[in-house]
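# Structural overview
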Amino acid sequence: MKKLTIVVLGTLIAGASLLAQTVPGAGLVKGPEAGEAKNLTGAGATFPAVLYSKWFSEYNKLTGVQVNYQSIGSGGGIKSISDMTVDFGATDGPMTDEQLAAAKGGPIVHIPAAMGAVVPTYNIPELAKSKDALKFTAETLAGIYLGEIVKWNDEKLVVDNPQLKNVNKYIVVARRSDGSGTTNIWTSYLTAVSETWAKKVGAGNSVQWPVGLGGKGNEGVAGVVKQTPYAIGYVELAYANQNKLSVGQVKNKAGKWITPTMKTVSLAAQGVALPEDMRVKLVNSDNPDAFPIAGFTWLLAYTTQTNPAKALALTRMLWWATHDGQKYCEALDYAPIPADAIKHAEVLIKKITLNGKQALPESISK
């Protein structure tokens, strides 16, 4: 089985901000379809939960299909699809070869759904009214999460943030307690930029944390940070914005201080030679203007379906999400997937079969 591809990203192509308005293949799911299931169940990543809530509400209005999605974390999403207790899973950390081999229902495809940023967020009362974001380097983020930088007025932080000079307070580190694709993106970044982190901790949906208070889901970590003075955590950008948390800038590989925005997140995926299975990590981009802690989030589905009504409903929903659904991304602080990723998604959706034949209606896939 093909191994997970990890790419250091590069060349810029056309901006993804235009994609949401010009996706070829949008508008082909026009309404209800005879014979399709009226209910689908899914579970997994909290990273895209805000977007999925909007998607599935709009999809229900269009088709009458009720999509019931439980935001339980990427680890839970992988387990649920592997155990065949849901119609689809969702994850921000791609399944490993071992997880794919252990899935009870056969081969699983990773359908790219959106892009997002994982951002450092903090709560420092003395800076509550400041309009200047704190600045973090790869060294300071790794140092904080390794437990090597323990106070906000550590000289390694102060050199980039003079306003911290008199904040003689211990840093309260918040991290995920559950299996999490958000953690996968965060730890993949730390692994890419810190040799010490790579040797001591590594990357994954779950890791052995050197320090920190655990919170379940992005909302759990956001809650810890919001309620705990002098805390720092990592959450998906949408959660930080919705909870009015302070978001830090991060110095990227090119040495630029980058604010996480839809544009800087989108740049992380432009010009990448994407693998056929779409299991690719987008961290520490070579692009000089990209935010360095970004990634895809995926919808997971079995390629072999046995229920005709479910297969029809599932493939139509996946097509709508990767085409029509992209227009909802930016308003909710997610980046649409680039055009080449949409093309890959189309190929993967067409691999989903029922009785050996393509499950997606020919009226859509032509």
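Here's a quick rundown of the structure. Treat the numbers as computed from the prediction; the structure is a model and nothing was measured. Per chain, residue numbering runs from 1 following the sequence as it is written. Whole-chain, interface and lining totals are the exception, using all residues; otherwise, since this is a predicted model, local features are given only for residues with pLDDT of at least 70 and side-chain atom pairs are given and counted only at 80 or more. Hydrogens are left out, water is left out, and the side-chain values use all remaining heavy atoms of the structure.

## Things to note about the overall build of the protein chain
On a plain count of helices and strands, the protein chain comes out with 14 helices and 17 strands. A globule of 366 residues ought to have a C-alpha radius of gyration of about 21 Å, and the protein chain, at 20 Å, matches this closely. The classification of residues rests on relative accessible area computed with a 1.4 Å probe and restricted to protein chains. Under 20% of the type maximum is buried, over 50% is exposed, and intermediate values are partly exposed. Across the 366 residues that make up the protein chain, the buried fraction comes to 58%. In what follows, a contact means two residues having at least one pair of non-hydrogen atoms within 4.5 Å. Of all intrachain contacts in the protein chain linking residues separated by at least 6 positions in sequence, the fraction that spans at least 24 positions is 77%. The Shrake-Rupley method, run with a 1.4 Å probe, gives the accessible areas here. Residue values count only the displayed protein chains as cover. Working note: accessible area of the protein chain is about 14,700 Å², and carbon and sulfur atoms make up 52% of it. A positive count includes Lys and Arg, and a negative count includes Asp and Glu. His and the chain ends are not counted in either. Every charge is mapped onto a representative atom, which is NZ of Lys, CZ of Arg, CG of Asp or CD of Glu. For the protein chain, the distance from the average position of its 36 positive side-chain charges to the average position of its 29 negative side-chain charges is 3 Å. By definition, any uninterrupted DSSP run of H or I lasting at least four residues is a helix, any uninterrupted run of E lasting at least two residues is a strand, and each is numbered from the N terminus. Only the C-alpha atoms count toward the radius of gyration. The rule for a globule is 2.2 Å times the residue count to the power 0.38.

## Section: the packing of helix α2 (residues 49-63) against helix α12 (residues 308-322)
It is at 11 Å that the axes of α2 and α12 come closest, and there the two elements cross at 120°. Here α2 lies oblique to α12, going by the angle between them. By crossing handedness, the relation of α2 to α12 is classed as right-handed. Counted together, W55, F56, E58, Y59, L62 and T63 of α2 and A313, R316, M317, W320 and A321 of α12 form the full contact between these two elements. Here an angle of 0 to 180 degrees is reported between the N-to-C directions of two axes, which are lines fitted to C-alpha atoms, with helices fitted over the stretch in contact. Roughly parallel covers angles under 35 degrees, roughly antiparallel covers those over 145, roughly perpendicular covers 65 to 115, and oblique covers all other angles. With the far helix as reference, a near helix turned anticlockwise by less than a right angle produces a left-handed crossing, and one turned clockwise produces a right-handed crossing.

## A few points about the environment of H323
Tracing the backbone through its elements, the reader meets H323 in the loop between α12 and α13 (339-350). Sequence-wise, H323 and S74 are 249 residues apart; in three dimensions their C-alpha atoms are separated by 23 Å. If we skip the residues at most four places from it in the chain, H323 touches V23, P24, G25, A26, I342 and E346.

Functional significance is not addressed by these values, which are geometric in nature.
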